[in-house]
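Single-letter residue listing:
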Amino acid sequence: MWSNFFVQQDEEGRIGVAGAGQAGGLGGIKGARGQRRVHKMSDSQEGKIKLAFFVSIIGVTLTVLGMGTEFWVELAQSKNFSGNQTCQMAHYGLWKGCIRTLWVADIDPERTSCGPAELPGESNCTYFKFFTSGENAVIFKKTTNKNLNLAAAILALLSLTMMVMGSICIAMSLSKGVPFFLKPASFCFILSGVLVLFSVLVFHQSVLALLSSDHSVPLHHELSWSVACVGSAGGILILGGFLFMLLSLPFSPWQKCFPHKNGAT
């Protein structure tokens, strides 16, 4: 009787220990899975992300500067076209155009056309009506192609939207301490750079369409510094996107391509 009692107590004790061990094992497995899911970035990786983000911010700044100014292209008459002491030239961007009247005496004698736009003179600027009434603008008897101008402006706005989305992804990645948002950020910045470059190409086509609309007034045209800002911004944004893509990889491409000599030996 007593032997059966001790045997039963011993078996219950073993079962209890086994149950506790299984519960502890399941808890350990769940904890390990939770640790695997949350992958915190190191301080060095966070510093690299901030550096790549600084590069991208430079591209964003140049894009905003180029989009907000009206020096995308300069159209200049011959400085002796009017036959008096003044000449006229025009410069415009995505949203606004300006007609400037300059003094011929201020122009470089070796220059045949009126300009550049930085010279002192009278300026008359107006916003385009592409986005309101849908009217084309007339510059020196030449008519703009509103479809191309609208396309260039829309592409620029889309690129700016993608920059904002990419910046939000990087801010979330740095605040949460996880590299998960680096891949969507790289996609947003690369796409924004491509859209910016396409905007410049479409704008250049709109300038050519403007020049071919009328040939009664000969004009000299050249792309100005706003286009240089936007074009440089497109390249910088694409570079920043590729940097984020490299940082999102689970391994270091540099160490993969150039392993240490100690590891090789």
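Bear in mind that the values here come from a model prediction, so they are computed numbers and not experimental data.

1. Topic: the pattern of salt bridges
Oppositely charged side chains may form a pair once their charged atoms are brought near each other.
Then step 1. Per the stated rule, a full pass over the model turns up two salt bridges.
Then step 2. A salt bridge links Glu46 to Lys50, with the shortest nitrogen-to-oxygen separation between them at 3.6 Å. Taken together, the residues span about one helical turn, with Glu46 and Lys50 both in helix H2 (residues 43–68) at a distance of four residues.
Then step 3. Judged by its relative accessible area of 23%, Glu46 is partly exposed.
Then step 4. With a shortest N-O distance of 4.0 Å, Glu70 and Lys96 are connected by a salt bridge. With a gap of 26 residues between them, Glu70 in the loop between H2 and strand S1 (73–76) and Lys96 in strand S3 (residues 96–103) connect regions that are remote in the sequence.

2. A word on the sheet that holds strand S2 (residues 86–92)
Then step 1. Pairing in this open sheet of five strands is antiparallel, and the strands run S4-S3-S2-S1-S7 from one edge to the other. Every other strand in the sheet has two partners, leaving strand S4 (121–127) and strand S7 (220–223) as the edge strands with one partner each. Adjacent strand axes in the sheet meet at a mean angle of 20°, parallel and antiparallel pairs treated alike.
Then step 2. Sheet analysis places S3 next to S4, joined by seven bridges and oriented antiparallel. Considered in S4, the bridge of Cys98 is made with Cys125.

3. Section: the environment of Val194
Then step 1. The residue Val194 is located in helix H4 (residues 182–212) in this model.
Then step 2. For Val194, a relative accessible area of 30% puts it in the partly exposed group.
Then step 3. Considering only alpha carbons, one finds Val194 and Ile238, 44 residues apart in sequence, at a separation of 7.3 Å.

4. Considerations on the packing of aromatic side chains
Then step 1. Applying the stated criterion to the full structure yields nine aromatic pairs.
Then step 2. Aromatic side chains Phe71 and Trp225 sit 5.5 Å apart centroid to centroid with 25° between the ring planes, which places their arrangement in the stacked category. Within this pair, whereas Phe71 is found in the loop between H2 and S1, its partner Trp225 is found in helix H5 (residues 225–247), the two being separated by 154 residues in sequence.
Then step 3. In this structure an aromatic cluster arises from ring pairing among Trp72, Tyr92, Trp95, Phe128, Phe130, Phe131 and Phe203.

5. Considerations on the side chain of Glu70
Then step 1. With relative accessibility at 16%, the residue Glu70 sits in the buried group.
Then step 2. Once you skip the residues sitting within four places of it in the chain, Glu70 turns out to touch His91, Tyr92, Gly93, Lys96 and Cys98.

6. Thoughts on the state of the cysteines
Then step 1. Under the defined criterion, the tally for this structure stands at two disulfides.
Then step 2. Two residues, Cys98 and Cys125, share a disulfide whose sulfurs are 1.9 Å apart. A torsion of 110° about the S-S bond marks the disulfide between Cys98 and Cys125 as right-handed. With Cys98 in strand S3 and Cys125 in strand S4, this residue pair connects regions lying 27 residues apart in the sequence.
Then step 3. When its relative accessible area of 35% is taken as the criterion, Cys125 is described as partly exposed.
Then step 4. With its disulfide-bonded cysteines labelled consecutively along the sequence, the protein is connected as 1-3, 2-4.
Then step 5. You can see Cys188 has no disulfide; the closest cysteine sulfur is in Cys169, sitting 5.1 Å from it.
Then step 6. For Cys188, a relative accessible area of 5% puts it in the buried group.

7. Comments concerning the confidence of the model for the protein
Then step 1. Per-residue pLDDT for the protein averages 82, and the proportion of residues at 70 or more is 78%.
Then step 2. Mean pLDDT values for the elements of the protein range from 47 in helix H1 (residues 2–37) up to 95 in H4.

8. Topic: the environment of Gly241
Then step 1. Here Gly241 is to be found in helix H5.
Then step 2. You can call Gly241 buried: its relative accessible area is 0%.
Then step 3. Residues in contact with Gly241, not counting those within four places in the same chain, are Ser186, Phe189 and Ile190.

9. Description of the packing of H2 against helix H3 (residues 146–176)
Then step 1. Following both chains from N to C, one finds H2 and H3 inclined at 160°, their axes separated by 11 Å at the closest point. Between H2 and H3, the angle is such that the two are roughly antiparallel. Considering the relative orientation of H2 and H3, their crossing is left-handed. Only Ala156, Leu157, Leu160, Met163, Ser167, Ile170 and Leu174 of H3 make contact with H2, whose side of the interface consists of Glu46, Ile49, Lys50, Phe53, Val60, Thr63, Val64 and Met67.
Then step 2. Looking at the contact of H2 with H3 residue by residue, the class counts come to 11 nonpolar, two polar and two charged.

Rules of the game
- Residues numbered from 1 in each chain as written.
- Predicted model: local features only at pLDDT ≥ 70, side-chain atom pairs only at ≥ 80, totals over all residues.
- Heavy atoms only, no water.
- Salt bridge = Lys/Arg side-chain N within 4 Å of Asp/Glu carboxyl O.
- Helix = DSSP H or I, 4+ residues; strand = E, 2+ residues; numbered from the N terminus.
- Buried < 20%, exposed > 50% of the residue type's maximum accessible area, 1.4 Å probe, protein only.
- Pairing = 2+ DSSP bridges.
- Axes fitted to C-alpha atoms, helices over the stretch in contact; angles between N-to-C directions.
- Phe/Tyr/Trp six-rings, centres within 6.5 Å; stacked < 30°, edge-to-face > 60°.
- Contact = heavy atoms within 4.5 Å.
- Disulfide = S-S within 2.5 Å.
- pLDDT = per-residue confidence, 0-100.
- Parallel < 35°, antiparallel > 145°, perpendicular 65-115°, else oblique.
- Left-handed = near helix turned anticlockwise from the far one by under 90°.
- Nonpolar A, V, L, I, M, F, W, Y, C, P; charged D, E, K, R; others polar.

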